[in-house]
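Now for the letters of each chain:
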Amino acid sequence: MMFGVMGYGRFGALWTKMIAPFGQVHVFDVRGDVEIDKQQNVSISDSLEHVVQVDFLFLLVPILAIENVCNSIRDIL
């Protein structure tokens, strides 16, 4: 199972930790300075190229950014 997590703030980090035991997690975050805990099955990217490969995509970005995120992934999905 492949999961995608868009946004790696506090909730994104918690959610990633919770779902990592159930499959591969690709974290997408536009901030280049984000570091993830060394967890098995977790990778991070600022590129959306892996979005098409995930089975489930969780949008864990600030509510004010939801519209922009949805517009940016509309053509990819």
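Residues numbered from 1 in each chain as written. Predicted model: local features only at pLDDT ≥ 70, side-chain atom pairs only at ≥ 80, totals over all residues. Heavy atoms only, no water.

Participant: Could you clarify how one ought to interpret the packing of aromatic side chains in this entry?
Facilitator: Two descriptors summarise a pair of aromatic rings, namely the distance from one centre to the other and the angle between the planes of the rings. In this structure the tally under the stated criterion is four aromatic pairs. Summarising the aromatic geometry, the rings of Trp-15 and Phe-58 are spaced 5.3 Å apart at their centres and angled 70° between planes, so their arrangement reads as edge-to-face. Residue Trp-15 is located in helix H1 (residues 10–19), and its partner Phe-58 is located in strand S4 (residues 56–59); the two are separated by 43 residues in the primary sequence. Residue Trp-15 is classed as partly exposed on the basis of its relative accessible area, which comes to 29%. (Phe/Tyr/Trp six-rings, centres within 6.5 Å; stacked < 30°, edge-to-face > 60°. Helix = DSSP H or I, 4+ residues; strand = E, 2+ residues; numbered from the N terminus. Buried < 20%, exposed > 50% of the residue type's maximum accessible area, 1.4 Å probe, protein only.)

Participant: Got a minute to help me understand the confidence of the model for the chain in this structure?
Facilitator: Mean pLDDT over the chain: 86, with 92% of residues reaching 70 or higher. Taken element by element, the predicted model of the chain shows its lowest mean pLDDT in strand S3 (residues 42–45) (82) and its highest in S4 (95). (pLDDT = per-residue confidence, 0-100.)

Participant: Honestly, the pairing of strand S1 (residues 2–6) in this entry has me stumped. Any pointers?
Facilitator: The side chains of a regular strand alternate between the sheet's two faces. S1 sits mainly inside the fold: four of its five residues count as buried. In the sheet, S1 pairs with strand S2 (residues 24–28) via five bridges, with the strands oriented parallel. Residue pairing for S2: Met-2 is matched across the bridge by Gln-24. A crossover links S1 with its parallel partner S2, the connecting element being H1, and its sense is right-handed. By the bridge criterion, four bridges tie S1 to S4 in an arrangement that is parallel. Along S4, the bridge assignment pairs Phe-3 with Phe-56. (Pairing = 2+ DSSP bridges. Right-handed = clockwise from strand over helix to strand, strands pointing away.)

Participant: Explanation requested: H1 in the structure shown.
Facilitator: Owing to its 3.6 residues per turn, the α-helix brings residues three or four apart onto one side. All of the buried residues in H1 are Gly-12, Thr-16 and Ile-19. All buried residues of H1 project into a common sector of 80° when viewed along the axis, lining one side. Residues of H1 that are buried make contact with S1, S2, S3 and S4. (Arc of directions from axis to C-beta. Contact = heavy atoms within 4.5 Å.)

Participant: Is there a simple way to explain the nonpolar core in this structure?
Facilitator: Considering soluble globular proteins, one finds that nonpolar side chains tend to be buried as a cluster. Core analysis: the biggest nonpolar cluster contains ten residues, these being Phe-3, Val-5, Tyr-8, Ile-19, Ala-20, Val-25, Val-27, Ile-36, Val-42 and Leu-60. At the level of secondary structure, the elements contributing two or more residues to this core comprise S1 and S2. Dropping the residues within four chain positions of it, Val-27 is found in contact with Val-5, Tyr-8, Thr-16, Val-42, Ser-43, Ile-44 and Ser-45. (Core = buried A, V, L, I, M, F, W, Y, C linked by side-chain atoms within 4.5 Å.)

Participant: Got a minute to help me understand the side chain of His-26 in this structure?
Facilitator: Structurally, His-26 can be placed in strand S2. When residues no more than four places from it in sequence are discounted, the contact partners of His-26 are Met-2, Phe-3, Gly-4, Val-5, Ser-43, His-50 and Val-54.

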